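Observations on the model geometry
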Amino acid sequence: SQQGEEDPQALSIQEGENATMNCSYKTSINNLQWYRQNSGRGLVHLILIRSNEREKHSGRLRVTLDTSKKSSSLLITASRAADTASYFCATDAASGYSTLTFGKGTMLLVSP
Amino acid sequence: EAQVTQNPRYLITVTGKKLTVTCSQNMNHEYMSWYRQDPGLGLRQIYYSMNVEVTDKGDVPEGYKVSRKEKRNFPLILESPSPNQTSLYFCASRWGHGTEAFFGQGTRLTVV
């Protein structure tokens, strides 16, 4: 069953603008991860945030996690055309169950 | 270089003709998974394995088989492919619960 649901489904912005994507999930988690996929290629891990963390940064990426609302957001600052891709959140259940469950993704288009 | 290798990358086959998609990882990861990706449905897990000889069903296991005889390999077998198995398939591996996943480049399968 799909745990994470990203919002919006698609986002179109200009280079230099910030892009924000949201992810909601249903059950308790150990951690939440964000991945990027360039058109039809393999997913690449971006960042992992644990359930006891509220915010994490990596370069131009900022991820927040609100476990009370069961939601996370991914902010990409100063977007570039090369950021054009699909972005997925994935959750690791709190119970130790091994599977990583993905959402349906947000398609980001950054225009020059 | 750490990587997950899938083969073939592209495959067109006919209904009912058995096929195997191979997956190999060189990172000594315990966990391996197979996902399928379809438009509008995101990534759905087919099967996963937590160790050699330990496999379990994911969300959409019907019509698929897997085996894990060696730690590095996790082949996906379609005994009698049908057109509804036309999809983009990804193999992924990771150390274990709470860690990031590494993905293969994908196998685009068409069943006619």
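Going by the structure above, here's the rest.
For the structure given in this document, a descriptive report is provided here. (Residues numbered from 1 in each chain as written. Chains lettered and ligands numbered in written order. Predicted model: local features only at pLDDT ≥ 70, side-chain atom pairs only at ≥ 80, totals over all residues. Heavy atoms only, no water.)

Further remarks concern the sheet that holds strand E8 (residues 76-78) of chain B. Residue and element names in this part refer to chain B. The sheet built from four strands is open, its strands ordered E1-E3-E8-E7 with antiparallel pairing. The sheet terminates laterally at strand E1 (4-7) and strand E7 (65-66), the two strands that pair on one side only. Summarising the sheet, E7 and E8 pair through two bridges and their orientation is antiparallel. Residue pairing in the sheet places Lys65 in a bridge with Ile77 of E8. (Pairing = 2+ DSSP bridges. Helix = DSSP H or I, 4+ residues; strand = E, 2+ residues; numbered from the N terminus.)

Let us now look at the pattern of salt bridges. Using the criterion set out here, one finds 10 salt bridges over all chains in the structure. A network of salt bridges, in which partner residues are shared, links Arg36, Arg60 and Asp83 of chain A. (Salt bridge = Lys/Arg side-chain N within 4 Å of Asp/Glu carboxyl O.)

Chain B puts 24 residues into the contact, and the matching count from chain A is 25 residues. Together chain B and chain A conceal approximately 1900 Å² of surface at their shared face, both sides included; 47% is due to carbon and sulfur atoms. The largest share of the area that chain B buries against chain A comes from Leu43, His97 and Phe103 of chain B, three residues that together contribute 27% of it. Run the count over chain B and chain A and you get one salt bridge. Among the salt bridges present, the one from Arg94 of chain B reaches Asp92 of chain A, with a minimum N-O distance of 2.8 Å. For the pair chain B and chain A, the number of links is nine residue pairs in polar contact (both at pLDDT 80 or more). (Contact = heavy atoms within 4.5 Å. Buried area = accessible area lost by both parts, 1.4 Å probe. Polar contact = N/O pair within 3.5 Å; in protein donor to acceptor, adjacent residues only side chain to side chain.)

Residues and elements named next belong to chain A. Reading across from one edge, E1-E3-E8-E7-E6 is the order of the five strands in this open sheet, with antiparallel pairing throughout. At either margin of the open sheet sits one strand with a lone partner, and together these are strand E1 (5-7) and strand E6 (55-58). On average, each strand axis in the sheet is tilted by 20° relative to the strand beside it, whichever way the strands run. Looking at chain direction, strand E3 (residues 19-24) and strand E8 (residues 71-76) are connected through six bridges and run antiparallel. Bridge pairing in E8 links Asn22 to Ser73. (Axes fitted to C-alpha atoms, helices over the stretch in contact; angles between N-to-C directions.)

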